[in-house]
Amino acid sequence: MRITAVQGDITEQDVDAVVNAANSALLGGGGVDGAIHRRGGADILEACKKLRAGDYPDGLPVGQAVATTAGKLPARWVIHTVGPTYAASEDRSELLASCFRESLKVADTLGARTLAFPAISTGVYRYPLDEAADIAVRAVHDTATDVDVVRFVLFDNGSYEAFNTAIRRHE
Ligand code: AR6
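Each chain carries its own residue numbering, running from 1 in the direction its sequence is written. Per-residue local features of the predicted model are confined to residues with pLDDT of at least 70, and side-chain atom pairs are confined, for both listing and counting, to 80 or more; whole-chain, interface and lining totals are unaffected and use all residues. Hydrogens and water are ignored here; the side-chain numbers use all heavy atoms of the structure.

Visitor: For the pairing of strand E5 (residues 114–117), give the residues involved together with the corresponding values.
Guide: Bridge count for strand E2 (residues 17–22) against E5 is two bridges, and the pairing is parallel. Of the residues in E5, the one forming a bridge with Ala-17 is Leu-115. At least two DSSP bridges between two strands are needed for those strands to be called paired. Counting from the N terminus, the helices are the DSSP runs of H or I reaching at least four residues and the strands are the DSSP runs of E reaching at least two. Summarising the sheet, E5 and strand E6 (residues 149–154) pair through four bridges and their orientation is parallel. Bridge assignment links Ala-116 to a residue of E6, and that residue is Arg-151. Once you follow E5 into helix H4 (residues 129–142) and on to E6, the crossover reads as right-handed. A clockwise path from the first strand over the helix to the second, with the strands pointing away from the viewer, defines a right-handed crossover.

Next comes the structure, spelled out in structure tokens:
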């Protein structure tokens, strides 16, 4: 598997699936979540509402992942996952690693071969960047999967540098 980092906007990525740093409600929010719903259009929210009415009446638990259409995005699917907040959870590093593992598992189920991840939990959820980058890269590296390209898409230069450093450390 090839693991890369680019600086950019995840909604513009031409990959099979993009991962969304969602919240348990699955009904949109700020940050990446807001951008994905805005650019992907109403079909994504519609699909999320169906998930809430079906398998996830109480919302998507932290550390789990689920797929919907990507609507108008270049990708085919959005895989929604819910990162831990840094403040709230004692087992936050395990839950953050789980977001990456479970997203890869969903990607395998879909048959997605190229996958873009944002820096889950490092925005509103305040996970320290270097720690989060290390957990993310290690989790992807250590997961057995048919996905052959994982691209971390980082919005700002600081995040890009942190993920690049983590990728080099795990090579
Ligand atoms: N492409 C790539 N990265 C982005 C984009 C984009 N278009 N927009 C923002 N980022 P956050 P979290 C970066 O807060 O910490 C939402 O309200 C951003 O700069 O999106 O997991 C949800 O609904 C930061 O580096 O996710 C949840 O309630 C990173 O993506 C909550 O925030 C993650 O920041 C989730 O918080």
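Visitor: Describe in detail the nonpolar core, supporting the description with residues and values.
Guide: Among buried residues, the Ala, Val, Leu, Ile, Met, Phe, Trp, Tyr and Cys ones that are joined through side-chain atoms within 4.5 Å form a nonpolar core. Accessibility here uses a 1.4 Å probe with only protein chains present; expressed as a share of the type maximum, an area under 20% marks a residue as buried, one over 50% as exposed, and anything in between as partly exposed. Core analysis: the largest hydrophobic core is formed by 35 residues, its most contacted members being Ile-79, Phe-100, Leu-115, Phe-117, Val-140, Phe-152 and Phe-163. Only strand E1 (2–7), E2, strand E4 (77–82), helix H3 (92–110), E5, H4, E6 and helix H5 (157–169) provide two or more residues apiece to this core. Here, two residues are considered to be in contact whenever any of their heavy atoms come within 4.5 Å of each other. Setting aside anything within four residues of it in sequence, one finds Val-140 in contact with Met-1, Ile-3, Phe-100, Leu-104, Phe-117, Val-150 and Phe-152. Formed by 19 residues, the second largest nonpolar core is a distinct cluster that contains Leu-51, Tyr-56, Leu-73 and Ala-75.

Visitor: Give me unusual backbone geometry: which residues, what numbers.
Guide: We note that Leu-26 has phi near 65°; this positive angle belongs to a residue other than glycine. For Leu-26, the location among the structural elements is in the loop between E2 and helix H1 (31–40). A positive phi angle, near 75°, is found at Ser-121, a position not held by glycine. Turning to its location among the elements, Ser-121 is positioned in the loop between E5 and H4.

Visitor: Outline the environment of His-37, listing residues and values.
Guide: Following the sequence through the fold, His-37 ends up in helix H1. For His-37, a relative accessible area of 14% gives the class buried. With 36 residues separating them in the primary sequence, His-37 and Leu-73 have C-alpha atoms 9.4 Å apart.

Visitor: Can you explain the UniProt feature "domain: Macro" (unreviewed entry) in the protein chain? Please cite residues and give values.
Guide: UniProt positions are given in the numbering used here, feature names are shortened, and annotations may be inferred rather than shown by experiment. Under the feature "domain: Macro" (unreviewed entry), the UniProt entry names residues 1–171. Split by type, residues 1–171 is 40% helix and 19% strand. Its first and last C-alpha atoms lie 11 Å apart.

Visitor: Explain the site of the ligand residue by residue, including any values.
Guide: Near the ligand lie 22 residues; those nearest to it are Asn-23, Gly-30, Asp-33, Ser-121 and Gly-123. What qualifies as a polar contact is a pair of N or O atoms within 3.5 Å, subject to a donor-acceptor requirement within protein and to the restriction that residues adjacent in sequence count only when both atoms come from side chains. One of the side-chain nitrogen or oxygen atoms of Asn-23 is found 2.8 Å away from an oxygen atom of the ligand. Contact between the ligand and Val-32: an oxygen atom at 2.9 Å from a main-chain N or O atom of the residue. Computed with the Shrake-Rupley method and a 1.4 Å probe, the accessible areas treat only the protein chains shown as cover for residues. Relative to its unbound accessible area of 700 Å², the ligand is 89% covered by the protein chains. Residue assignment for the shell around the ligand shows that the elements contributing at least two residues are E2 and H1. The element best represented in the shell around the ligand is H1, accounting for four residues. For this purpose, a residue is taken to be near a molecule or strand whenever a single non-hydrogen atom of the residue falls within 4 Å of it.

Visitor: How would you sum up H5? Please name residues and give values.
Guide: Across its 13 residues, H5 extends 18 Å between first and last C-alpha, which sits within 8% of the 18 Å expected from 1.5 Å per residue. Every buried residue of H5 is accounted for by Ser-159, Ala-162, Phe-163, Asn-164, Ala-166 and Ile-167. The elements touched by buried residues of H5 are E1, H4 and E6. What a helix is expected to span follows from its residue count: subtract one and scale by 1.5 Å.

Visitor: Please set out the pattern of salt bridges residue by residue, giving values where relevant.
Guide: Salt bridges are counted wherever a side-chain nitrogen of Lys or Arg sits within 4 Å of a carboxyl oxygen of Asp or Glu. Scanning the model with the defined rule gives seven salt bridges in all. Notably, a salt bridge pairs Glu-12 with Arg-39, separated by 3.7 Å at the nearest N-O pair. Taken together, the residues Glu-12 in the loop between E1 and E2 and Arg-39 in helix H1 connect sequence positions 27 residues apart. By relative accessible area, Glu-12 is classed as partly exposed at 48%. The partly exposed category is assigned to Arg-39, whose relative accessible area is 43%. A cluster of three or more residues bridged by salt bridges with shared partners is formed by Asp-9, Glu-12 and Arg-39.

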